[in-house]
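Structural overview for review
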Amino acid sequence: MSTTADPITTQDFKVADLGLAEFGRNEIRLAEHEMPGLMKTRDEFAASQPLKGARIMGSLHMTIQTAVLIETLTALGAEVRWVSCNIFSTQDHAAAAVAVGPDGTPENPQGIPVFAWKGETLEEYWWCTEQALRGFAGDPDLGPNMILDDGGDATMLVHKGTEYEAAGAVPDPAQAESEEFQVFLTLLQRTLTEDPQRWTKIGQEIKGVTEETTTGVHRLYELAQRDELLFPAINVNDSVTKSKFDNLYGCRHSLVDGIFRATDVMLAGKTAVVCGFGDVGKGSAESLRAQGARVIVTEIDPICALQASMQGYQVARLEDVIETADVFITTTGNKDIIMADDMAKMKHQAIVGNIGHFDNEIDVAGLTKVADRNTIKPQVDEWRFPDGHTIILLSEGRLLNLGNATGHPSFVMSNSFTNQTIAQIELWTKNDEYDKQVYVLPKHLDEKVARLHLEALNIQLTELRPDQAAYIGVPVEGPYKPDHYRY
Amino acid sequence: MPVLRSIRERFSGEQPLAGLKVGACLHVTAETANLARTLAAGGAEVAVCAANPLSTQDDVAGVLGGDMLVRAAHGTDPAPGQAEIAAWGPTVTLDDGADLLALLHETGSVPDGFLGATEETTTGLVRARGLGLKVPVLALNDARTERVFNDHYGTGQSTLDGILRATNILLAGRTVVVLGYGTTGHGIAARARGAGAQVIVCEVDPLRALEARMEGFGVMPAVEAAAVGDVFITVTGVPQALGAEHFARMKDGATLANAGHFDVEIDLPALDAAASERREVLPLVEQFVVGDRKLNLLAQGRVVNLAAGQGHPAEIMDISFALHALAVEWLAREGGSLTPGVHQVPADLDREVARLKLASLGVGIDTLTDQQTSYRNSWS
């Protein structure tokens, strides 16, 4: 596996091992069957090629499911370059298969340029992101005209780059608030000397971004509120068939999968604390309870706290349960949820993990100052405190469902990624209908995504009679709910 | 009650109970009436009295009284009726709490030709064993069908039903403390969780306690649970599961209910002694003012599922009373050859009840092939 950041490689991709391509292709083939939304979308648009001319830069966990998304986008006519949006989330066989492509071989790769491997350093991560944002059509200076983002890192690079180029200077990396932002600023310092207008030019070419997750959407709304958004954005996260499926059912599946693969601990009889009771927290709590764990929820929002209570979970403050619980999972989307001081008070071998998007929910930096690390296996570290007790930290505080397991299952991701594909088509083909604001997909498209998945599960939908439709004031073919309906 | 009905149809033709005198001391409900009529259809002479002063449905007792000897009325002391039925000279008794059995032993009047007794509850079996039994007793409560359906599903559902009818409280968001994690406790805890309550289990048996913990329930000593619970349900089979030390710690508005057989699980004298004032705030809800807090006792601490609810759903009683009917038939046939003491229900009676129930549901199951049977047997 490559571990250092090369300059631009002779081949226009960088993955861990092309020899994994066949394994990856086999798994992609199996996943295609489990992703009916994407495959039906390929069928529907095969002839019309709606993404012809689109140059899509994708920053989204490079997994098997993402490979099916990538190949859907190319099947619809797009040119695609890709990176993972997390240093641990790449499945190396998926990346290899995407680089080799369905028609290539490891000796003669024919796939798309992908820059991703499991276990990137922060420097490598941002280098990869930079590579995917340039080099379209073989031209090092040609950037994307569409971004497909997860967490908003690619969007942030373009926006911050543009901002600093306008200012003519990049802030001093030594003053950065985190190690990652330091790396980020160092990269922008370099690009400013290479080409003082690179990000400005790239940004001007971009017609829109479709954003996958809560955290990235939050960034986009902030940019839009300050009138700093450079291009229109579609918030895919808040499609019902995304957040109410991926975040909830996906995490319900992959959280315990990650914990089991990492530790093989028996959850029945244990006490688990779930920090945050949003969609991700709800799915997490349910899966832990289903394993027989006693689940305690922490919340700041009275509505979510009351929801947790009404579902029979104890709601408490972290400090009141820190010494007694066995498993701690952060799902908040906020920072500084579990600090080093907290971990110092935990039981011996308490398990600590995060399933929120970023790695700032657990104070790993603080942990390095007060405890010693002993790596049990990749993405599983035992940290020993001076008093001798240890905690087990999963995936260094990054998304443990992707770091320790394989993320969400294909079927759930088919819902999310069909939304992504439809959003890309929408922004690309109807670009003049969108301002530099954040939009959600209209309800009828959300319903369409769900419809595409019914047949695979043999779901028999009941149809409204015209008089019934008139009675509740909706068209027979939908949409069936007002936009504010919460499901 | 399709299972009991199918047995009644067979009994009508075969008359397997001809000549029997069956004394039944049970909760006098519509389902019990069905059992009594099934036994009568099989040829037995049947007499019925109440096992509990609050569980009799008077309309049922009235109608049934047209066909047979019935001594039961809601809200009256059941003892005189029980004594009358014991003196009537039954040759088979059906008990729910061992009242008739105790009378027969204590008065030394076990009738000639007495074939045997059945006992419905765990508590009754404990009492029966203490009597120095002179007759065979079939432990119906230990039968698999009884345990699984009656205790887990029946009492599990009807206990919460009784509490909800009496109080109309929302369980979601509340902390429900289940004292005792036997079969009934399992059923109650699972349903309370399903209704959105946080469930805490209190146990004395480490195995049961661990089981509760592995199901993800909170487990702690009752004295700790006392301080955090909103609803307390006793299903322990022992007295004073909740007593003065618990009442002293409970929150204002805590609700106390018992689903165990006798009204001893909540220490009522201690509760009365701790209270400065008591008054009925709703039918079957009595409020005890303890210090600056009010504690709500349901149904005077008697089986809340029968006293405040409608007892088990008919489907559960169908299974339970089908087993009773088959047990009486079996006692009629085999009772004379049994030694005094507690006997387990033969497994084929259990299987027959389950088979009839499945048939009524239209559920088909598989049968072992000869090859599979010999494979299984080859290990023994």
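Residues numbered from 1 in each chain as written. Chains lettered and ligands numbered in written order. Predicted model: local features only at pLDDT ≥ 70, side-chain atom pairs only at ≥ 80, totals over all residues. Heavy atoms only, no water.

Brief notes about the overall build of chain A
For chain A, the helix and strand inventory stands at 19 helices and 15 strands. In terms of principal-axis extent, the alpha carbons of chain A reach across some 65 × 65 × 45 Å. Every one of the 487 residues in chain A was classed for burial, and the buried ones make up 58%. Restricting to contacts in chain A with at least 6 residues of sequence separation, those with at least 24 account for 73%. (Helix = DSSP H or I, 4+ residues; strand = E, 2+ residues; numbered from the N terminus. Buried < 20%, exposed > 50% of the residue type's maximum accessible area, 1.4 Å probe, protein only. Contact = heavy atoms within 4.5 Å.)

Describing the sheet that holds strand E5 (residues 116–119) of chain B
All names here are of chain B. On the basis of which strands lie adjacent, the open sheet formed by seven strands has the order E3-E2-E1-E4-E5-E6-E15 and parallel pairing. Only two strands of the sheet have a single partner each, and these edge strands are strand E3 (69–71) and strand E15 (341–344). Strand-to-strand twist across the sheet, computed as the mean angle between neighbouring axes with direction ignored, equals 20°. Summarising the sheet, strand E2 (residues 45–50) and E3 pair through three bridges and their orientation is parallel. Residue pairing across strands places valine 48 opposite valine 70, the latter belonging to E3. Strands strand E1 (21–26), E2, strand E4 (92–95), E5 and strand E6 (136–139) of the sheet are contacted by helix H5 (residues 99–106), whose axis makes an angle of about 130° with E4. (Pairing = 2+ DSSP bridges. Axes fitted to C-alpha atoms, helices over the stretch in contact; angles between N-to-C directions.)

Let's talk about the interface of chain A and chain B
In this complex, chain A contributes 18 residues to the contact, which on the side of chain B involves 14 residues. Taken together, the links from chain A to chain B amount to zero salt bridges. Taken together, the links from chain A to chain B amount to six residue pairs in polar contact (both at pLDDT 80 or more). Among the residues making up the side of chain A that touches chain B, the classes are represented as six nonpolar, eight polar and four charged. (Salt bridge = Lys/Arg side-chain N within 4 Å of Asp/Glu carboxyl O. Polar contact = N/O pair within 3.5 Å; in protein donor to acceptor, adjacent residues only side chain to side chain. Nonpolar A, V, L, I, M, F, W, Y, C, P; charged D, E, K, R; others polar.)

What to know about unusual backbone geometry
Residues and elements named next belong to chain A. Here the amide bond leading from glycine 478 into proline 479 is cis, since omega sits at 0°, within 30 degrees of zero. Look at alanine 137: it is not a glycine, yet its phi comes out positive at around 55°. Mapping alanine 137 onto the fold places it in the loop between helix H5 (122–132) and strand E4 (146–149).

Concerning the packing of helix H2 (residues 36–45) of chain A against helix H3 (residues 64–75) of chain A
Residues and elements named next belong to chain A. Across the interface, H2 lies against H3 with an axial gap of 10 Å and an inter-helix angle of 10°. Comparing their axes, H3 and H2 come out roughly parallel. Taken together, the residues of H3 that come into contact with H2 (itself represented by Leu38, Met39 and Arg42) are Val68, Leu69, Glu71, Thr72 and Ala75. Considered class by class, the residues forming the contact of H2 with H3 number five nonpolar, one polar and two charged. (Parallel < 35°, antiparallel > 145°, perpendicular 65-115°, else oblique.)

Details of the confidence of the model for chain A
With 98% of its residues at a pLDDT of 70 or more, chain A has an overall mean of 95. Scored below 50 in pLDDT, residues 1–9 of chain A shows 21 contacts in the model against residues more than four places distant or in partner chains. (pLDDT = per-residue confidence, 0-100.)

Observations concerning the sheet that holds strand E9 (residues 218–219) of chain B
Residues and elements named next belong to chain B. Ordered in space as E9-E8-E7-E10-E11-E14-E13-E12, the eight strands form an open sheet in which the pairing is mixed. Edge positions in the open sheet fall to E9 and strand E12 (277–282), since each of these has one partner strand only. Across two bridges, the pairing between strand E11 (residues 255–258) and strand E14 (residues 293–298) is parallel. Residue leucine 256 lies in a different strand from E14, and its bridge partner there is leucine 297.

Some words on helix H12 (residues 302–310) of chain A
In an α-helix, one turn spans 3.6 residues; hence positions three or four apart end up facing the same way. Residues and elements named next belong to chain A. Among the residues of H12, those classed as buried are Cys304, Ala305, Ala308 and Ser309. The arc that holds the buried residues of H12, viewed along the axis, is 140°, so those residues lie on one side. Facing away from the buried surface of H12 by more than 90 degrees, the exposed residues are Pro302, Ile303 and Leu306. At its buried positions, H12 is contacted by helix H11 (279–290), strand E8 (294–298) and strand E9 (314–315). You can read the cap of H12 off the contacts: a side-chain oxygen lies 2.7 Å from the backbone nitrogen of isoleucine 303, and it is on aspartate 301. Glycine 312 lies just past H12 and shows a positive phi near 90°. (Arc of directions from axis to C-beta.)

Looking at H5 of chain B
Residue and element names in this part refer to chain B. Among the eight residues in H5, six count as buried, and that is most of the element. By the burial criterion, the buried members of H5 are Asp99, Leu100, Leu101, Ala102, Leu104 and His105. The positive-phi residue at the C-terminal boundary of H5 is glycine 108, with phi of around 65°.

Considerations on the environment of valine 265 of chain A
Residue and element names in this part refer to chain A. Checked against the element boundaries, valine 265 lands in the loop between helix H10 (240–263) and strand E7 (271–275). Sequence separation between valine 265 and methionine 62 is 203 residues; the distance between their C-alpha atoms is 28 Å. Contact partners of valine 265, with chain neighbours within four places excluded, come to Ile259, Phe260, Lys270 and Ile351.

Thoughts on the nonpolar core
Core analysis: the largest hydrophobic core is formed by 50 residues, its most contacted members being Leu51, Ile56, Met62, Leu73, Val80, Trp82 and Val114 of chain A. At the level of secondary structure, the elements contributing two or more residues to this core comprise helix H1 (21–34), H2, H3, strand E2 (79–83), helix H4 (92–100), E4, helix H17 (410–429) and helix H18 (443–452) of chain A. Not counting the four nearest positions on each side in its chain, leucine 51 of chain A is found in contact with Ile56, Leu73, Leu76, Gly77, Ala78, Gln424, Ile425 and Trp428 of chain A. Within the second largest apolar cluster, 46 residues are counted, among which are Leu17, Leu39, Met68 and Leu94 of chain B. (Core = buried A, V, L, I, M, F, W, Y, C linked by side-chain atoms within 4.5 Å.)

A look at the domain arrangement of chain B
Interface size, as often reported, equals the accessible area lost upon joining of the parts. Residue and element names in this part refer to chain B. What the domain assignment reports for chain B is domain 1 (2–146 + 312–364) and domain 2 (154–307). Here the C-alpha centre of domain 2 lies 30 Å away from the C-alpha centre of domain 1. Taken residue by residue, the interface counts 13 residues in domain 1 and ten residues in domain 2. Buried area between domain 1 and domain 2, both sides added, is near 1100 Å², and the carbon and sulfur share of it is 68%. Considering only the surface of domain 1 that becomes buried against domain 2, Leu54, Thr123 and His312 emerge as the three largest contributors, covering 48% of it. (Domains from an automatic or database assignment. Buried area = accessible area lost by both parts, 1.4 Å probe.)

Observations regarding the pattern of salt bridges
Within the structure shown, the criterion is met by 42 salt bridges over all chains. A single network of salt bridges, built from pairs that share partners, joins Glu130, Arg134, Arg190, Glu194 and Arg198 of chain A.

Regarding the packing of aromatic side chains
Residue and element names in this part refer to chain A. Inspection of the entire model under this criterion finds ten aromatic pairs over all chains. Their ring planes at 80° and their centres at 5.3 Å tell us that phenylalanine 245 and tyrosine 249 sit as a pair that is edge-to-face. You can see phenylalanine 245 and its partner tyrosine 249 sitting in helix H10, four residues apart, about one turn around the helix. On the accessibility criterion, tyrosine 249 (32% relative accessible area) is partly exposed. (Phe/Tyr/Trp six-rings, centres within 6.5 Å; stacked < 30°, edge-to-face > 60°.)

Notes on the state of the cysteines
Joining two cysteines, a disulfide is a covalent bond between their sulfur atoms. Applying the stated rule across the entire model yields zero disulfides over all chains. You can see cysteine 304 of chain A has no disulfide; the closest cysteine sulfur is in cysteine 275 of chain A, sitting 14 Å from it. In this structure cysteine 25 of chain B is a free cysteine whose sulfur lies 3.7 Å from that of cysteine 49 of chain B, the closest cysteine sulfur available. A relative accessible area of 0% means that cysteine 25 of chain B is categorised as buried. (Disulfide = S-S within 2.5 Å.)

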